Amino acid sequence: MTDSSEHEAKVTETLERLHAADDLDTLEAIRVEALGKQGWLNALMKTLGKMSPEERQTEGPRLQGMRARVADAIEDRKAVLEAAALEAKLATEVIDLTLPAPQMPQGSVHPVSQVMDEIAELFADLGFAVATGPEIEDDWHNFTALNMAETHPARAEMDTFYFPDRDGDGNRMLLRTHTSPVQIRTMKAASANGGEPVRIIAPGRVYRSDSDATHTPMFHQVEGLAIDRDIHLGNLKWTLETFFKALFEREDIVLRLRPSYFPFTEPSVEFDVGYSNEGGRRVVGGHGDAEGHDWMELGGSGMVNPRVLEFAGYDPNEWQGFAFGLGIDRLAMLKYGMNDLRAFFDGDARWLSHYGFSPFDQPTLSGGVGARA
């Protein structure tokens, strides 16, 4: 039988030492001495294995009680010492309220969001409203209504993200390849009201199966549409030139229209802008045929195809209009000096902290387009 009175004396001594401990280091030393791997209480607990079952019934609860009393005393004294240390720290620390506050982590506006806001602001000055539509489209709005036949290459599985199921009308569903379906939906709604002029831009995400330094499977596009009874290519050219002058904040923007083909416009034109290379960066401005300058394609456009007007419910003998499309990500790259489109979607906080915009210090466009109108 173990000497219970000797053990109790040891516990009493330990409790007194714990009560007298005046710092956390001393408290830890006592804890290790009693409850550590080589501690005397652990050594006593190991003796239970050599006892008979009858002895263990008596000694087990007694030793466990001794261990619990010491452990509880350690926790209580630790709480007292930690509270005293905190009080001492608060009593001696002084905060100088005249010092500037520490810099806190701050989010930033993504360049794409910034440029989308700039585009919406500038086209609002030109009388264009912002229209939106679903990103999951049916093939009628995405292709058929835009005069793209069943055999059109853009409908190929390798170019377009299709869903396995069809809608209730049997149309195939897909991730939209452009924001042109928004134009169709807007024209249908306007023609249902008896026909009325339309001036909209349709910014948003679009999806195509493509990926390299200048293409990503998901990117951002803005399309513009103007429908009225007396619209021509001259209106289109003036609109685009006025927009680019305001966006790039330069008066020397020169636009060149080249004949092209798109199923949804007739005639169709691609528009190029003059630029120069400065320090490895493309800078928009100047005449593309001048020395040191060249032309860069920025998008496609044209007069709305009469068949598209018919699909949308307009009489092409009375109504006509123009449409255009621009890549928002590419505009951001040109304006703010970025060189790889894939970095836009990598989610790298370092890239965003460099190219992002402060939500509290937004850059302003010099005068919008009002002064140029």
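- If you check an unreviewed UniProt entry, the protein chain appears there as Phenylalanine--tRNA ligase alpha subunit from Alteriqipengyuania lutimaris.
- Under Subcellular location (unreviewed entry), UniProt gives the following word-for-word description of the protein chain: "Cytoplasm".
- You can read under Catalytic activity (unreviewed entry) in the UniProt record for the protein chain the words "tRNA(Phe) + L-phenylalanine + ATP = L-phenylalanyl-tRNA(Phe) + AMP + diphosphate + H(+)".

### Regarding the layout of surface pockets
So, point 1. Roughly 1,400 Å³ of volume is contained in the largest pocket.
So, point 2. Among the elements of the structure, α7 (180-192), β6 (218-228), β8 (265-278), β9 (281-284), β10 (293-304), β11 (320-327) and α10 (328-336) are those that each provide at least two residues to the lining of the largest pocket.
So, point 3. If one sorts the elements of the lining of the largest pocket by residue count, β10 sits on top with seven residues.
So, point 4. Residue classes in the lining of the largest pocket are distributed as 20 nonpolar, 20 polar and 10 charged.

### Quick look at the side chain of Glu241
So, point 1. In this fold, Glu241 is placed in helix α8 (residues 233-248).
So, point 2. A polar atom in the side chain of Glu241 sits 2.8 Å from the side chain of Lys237.

### A look at the domain arrangement of the protein chain
A common way to report how large an interface is uses the accessible area buried once the components associate.
So, point 1. When cut into domains, the protein chain gives domain 1 (4-93) and domain 2 (111-355).
So, point 2. Averaged C-alpha coordinates put domain 1 and domain 2 at centres separated by 76 Å.

### As for the packing of helix α1 (residues 4-20) against helix α4 (residues 53-92)
So, point 1. The N-to-C vectors of α1 and α4 enclose an angle of 5°; their axes lie 10 Å apart at closest approach. Classified by the angle between their axes, α1 and α4 sit roughly parallel to one another. In contact with Ser4, His7, Glu8, Val11, Thr14, Leu15, Leu18 and His19 of α1, α4 contributes Arg62, Leu63, Met66, Arg69, Val70, Ala73, Ile74 and Arg77.
So, point 2. Looking at the contact of α1 with α4, its residues break down into eight nonpolar, four polar and four charged.

### Points about the UniProt feature "binding site: Mg(2+)" (unreviewed entry) in the protein chain
So, point 1. With numbering matched to this structure, UniProt assigns "binding site: Mg(2+)" (unreviewed entry) to Glu266.
So, point 2. Within the secondary structure, Glu266 is located in strand β8.
So, point 3. Look past the residues within four positions of Glu266 in its chain and what remains in contact with it is Met303, Val304 and Asn305.

### Quick word on the sheet that holds strand β4 (residues 172-175)
So, point 1. Ordered in space as β2-β4-β3, the three strands form an open sheet in which the pairing is antiparallel. The sheet terminates laterally at β2 (136-138) and β3 (162-166), the two strands that pair on one side only. Averaged over all pairs of adjacent strands, the angle between strand axes in this sheet comes to 30°, irrespective of strand direction.
So, point 2. Where β2 and β4 come together, three bridges link them in antiparallel fashion. Counted as the bridge partner of Asp138 is Met173 from β4.

### Some remarks on the packing of aromatic side chains
So, point 1. For the structure shown, the criterion picks out 14 aromatic pairs.
So, point 2. Plain terms: the ring middles of Phe322 and Phe324 are 6.4 Å apart, the flat faces sit at 25° to each other, and that makes the pair stacked.
So, point 3. Given a relative accessible area of 3%, Phe324 falls into the buried group.
So, point 4. Chaining the aromatic ring pairs together yields one cluster made of Phe123, Phe128, Phe243, Phe244, Phe248, Phe271, Phe322 and Phe324.
So, point 5. A cation over a ring is seen here: Arg172 above Tyr162, with NZ or CZ 3.8 Å from the ring centre.

### Structural notes on the side chain of Asp139
So, point 1. For Asp139, the position within the fold is in helix α6 (residues 139-142).
So, point 2. Each residue touching Asp139, except ones within four places of it in the same chain, is listed here: Thr144, Arg155, Asn171, Arg172 and Leu174.

### As for the pairing of β9
So, point 1. With four bridges connecting them, β8 and β9 associate as antiparallel partners. Pairing of Tyr275 across the sheet is with Val284, part of β9.
So, point 2. Taken together, β8 and the strand that follows it, β9, pair antiparallel across an intervening segment of two residues, in which Gly279 is found at a positive phi of about 65°.

### What about the environment of Ile253?
So, point 1. Following the sequence through the fold, Ile253 ends up in the loop between α8 and β7 (255-262).
So, point 2. In this structure Ile253 comes out as buried when scored by relative accessible area, which is 5%.
So, point 3. Separated by 192 residues in the primary sequence, Ile253 and Pro61 place their C-alpha atoms 91 Å from one another.
So, point 4. If we skip the residues at most four places from it in the chain, Ile253 touches Phe244, Lys245, Phe248, Val273, Val284 and Gly285.

### Brief notes about the pattern of salt bridges
So, point 1. Scanning the model with the defined rule gives 17 salt bridges in all.
So, point 2. One salt bridge in this structure joins Lys237 and Glu241, with 2.8 Å as the shortest N-O distance. On the criterion of helical spacing, the pair formed by Lys237 and Glu241 is a turn pair, its members being four residues apart in helix α8.
So, point 3. For Glu241, a relative accessible area of 18% puts it in the buried group.
So, point 4. For Lys335, the salt bridge is made with Glu249, and the minimal N-O distance between the two is 3.9 Å. Of this pair, Lys335 sits in helix α10 while Glu249 is found in the loop between α8 and β7, placing the two residues 86 residues apart along the sequence.
So, point 5. Take Lys335: its relative accessible area is 14%, and that puts it in the buried class.
So, point 6. Several salt bridges share partner residues, and in doing so they unite Arg256, Arg258, Glu270 and Asp272 into one network.

About the criteria used
- Residues numbered from 1 in each chain as written.
- Predicted model: local features only at pLDDT ≥ 70, side-chain atom pairs only at ≥ 80, totals over all residues.
- Heavy atoms only, no water.
- UniProt positions renumbered as here; feature names shortened; annotations may be inferred.
- 1 Å grid on protein atoms, 1.4 Å probe; cavity = no way out; pocket = protein on both sides within 12 Å on 5 of 7 lines; lining within 4 Å.
- Points joined across faces, edges and corners; volume = space filled by probe spheres on them.
- Helix = DSSP H or I, 4+ residues; strand = E, 2+ residues; numbered from the N terminus.
- Nonpolar A, V, L, I, M, F, W, Y, C, P; charged D, E, K, R; others polar.
- Polar contact = N/O pair within 3.5 Å; in protein donor to acceptor, adjacent residues only side chain to side chain.
- Domains from an automatic or database assignment.
- Axes fitted to C-alpha atoms, helices over the stretch in contact; angles between N-to-C directions.
- Parallel < 35°, antiparallel > 145°, perpendicular 65-115°, else oblique.
- Contact = heavy atoms within 4.5 Å.
- Pairing = 2+ DSSP bridges.
- Phe/Tyr/Trp six-rings, centres within 6.5 Å; stacked < 30°, edge-to-face > 60°.
- Buried < 20%, exposed > 50% of the residue type's maximum accessible area, 1.4 Å probe, protein only.
- Lys NZ or Arg CZ within 6 Å of the ring centre and 35° of its normal.
- Salt bridge = Lys/Arg side-chain N within 4 Å of Asp/Glu carboxyl O.

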